[in-house]
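# Structural overview for review
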Amino acid sequence: MLYMFHCTDKAGAAQVRADNRPAHLAYLEAHADRLFAAGPLLADDGQGMAGSLLIVECADEAAAKDFAANDPYAQAGLFENVEIRAWRRVYPKS
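I will try to describe carefully the structure that is included in this document. (Residues numbered from 1 in each chain as written. Predicted model: local features only at pLDDT ≥ 70, side-chain atom pairs only at ≥ 80, totals over all residues. Heavy atoms only, no water.)

Applying the stated criterion across every chain yields a total of four aromatic pairs. Between the aromatic rings of Phe5 and Phe67, the centroid separation amounts to 5.6 Å while the plane-to-plane angle is 55 degrees, which identifies the pairing as tilted. With a gap of 62 residues between them, Phe5 in strand 1 (residues 2-9) and Phe67 in helix 2 (residues 61-70) connect regions that are remote in the sequence. Neither residue differs from the other here; Phe5 and Phe67 are each classed as buried. Residues Tyr27 and Phe67 carry aromatic rings whose centres are separated by 5.0 Å and whose planes lie at 40 degrees to one another, so their mutual orientation is tilted. Here Phe67 lies in helix 2 and Tyr27 lies in helix 1 (residues 14-30), a separation of 40 residues in the sequence. Each of the two residues, Tyr27 as well as Phe67, counts as buried. These aromatic residues form a ring-pair network of at least three members: Phe5, Tyr27 and Phe67. (Phe/Tyr/Trp six-rings, centres within 6.5 Å; stacked < 30°, edge-to-face > 60°. Helix = DSSP H or I, 4+ residues; strand = E, 2+ residues; numbered from the N terminus. Buried < 20%, exposed > 50% of the residue type's maximum accessible area, 1.4 Å probe, protein only.)

Covalent bonding between the sulfur atoms of two cysteines is what defines a disulfide. Under the definition given, this model contains zero disulfides. Residue Cys7 stays outside any disulfide, its sulfur separated by 12 Å from that of Cys58, the closest cysteine. Of the residues examined, Cys7 reaches a relative accessible area of 4% and is grouped as buried. Cys58 gets classed as buried once you look at its relative accessible area, which sits at 2%. (Disulfide = S-S within 2.5 Å.)

We now examine the environment of Ala38. With respect to the helices and strands, the residue Ala38 is situated in strand 2 (residues 35-42). The exposure class assigned to Ala38 is partly exposed, which follows from its relative accessible area of 43%. Spatially, the C-alpha atoms of Ala38 and Ala69 are 16 Å apart, while their sequence positions differ by 31 residues. Leaving out residues up to four positions away in the same chain, Ala38 has contacts with Leu28, Leu53 and Leu54. (Contact = heavy atoms within 4.5 Å.)

This part takes up the environment of Gly77. Mapped onto the secondary structure, Gly77 falls in the loop between helix 3 (72-75) and strand 4 (79-87). Overall, Gly77 belongs to the partly exposed group, its relative accessible area being 28%. Placed 65 residues apart in sequence, Gly77 and Gly12 show a C-alpha to C-alpha distance of 12 Å.

In terms of nonpolar packing, the biggest core is built from 15 residues, with Phe5, Leu54, Val56, Cys58 and Phe67 touching the most fellow members. For this core, the elements supplying multiple residues, two or more each, are strand 1, helix 1, strand 3 (49-57) and helix 2. With sequence-adjacent residues up to four places away left out, Phe5 is seen in contact with Ser52, Leu53, Leu54, Val56, Cys58, Ala64, Phe67, Ala68, Glu83 and Ile84. (Core = buried A, V, L, I, M, F, W, Y, C linked by side-chain atoms within 4.5 Å.)

All right, on to helix 2 then. If you check which residues of helix 2 are buried, you get Ala64, Phe67 and Ala68. End-on, the buried residues of helix 2 take up no more than an arc of 95 degrees, which puts them together on one face. Two or three places before Ala62, at the opening of helix 2, Asp60 has a side-chain oxygen 3.2 Å from that residue's backbone nitrogen. (Arc of directions from axis to C-beta. Polar contact = N/O pair within 3.5 Å; in protein donor to acceptor, adjacent residues only side chain to side chain.)

Pasting the structure below:
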């Protein structure tokens, strides 16, 4: 099942994001076969980053929570909030 992860950065945490970006990208690369989509949420100025949005194939909600908890960004304390929801693709049709 696909799960959507909507992660909001803590205010003033740009350096935490920058410091942990290589480990985060390596984590995503290690799970690339499960990724439907992944990328940063942009700040209002369109330049800075304000969070992350991922859609990941997980066996169940427990596996989705485990995936989120093991993300280096989460382990570094970057996120103010992480919302995880089951998600179904409707469009575009595959």
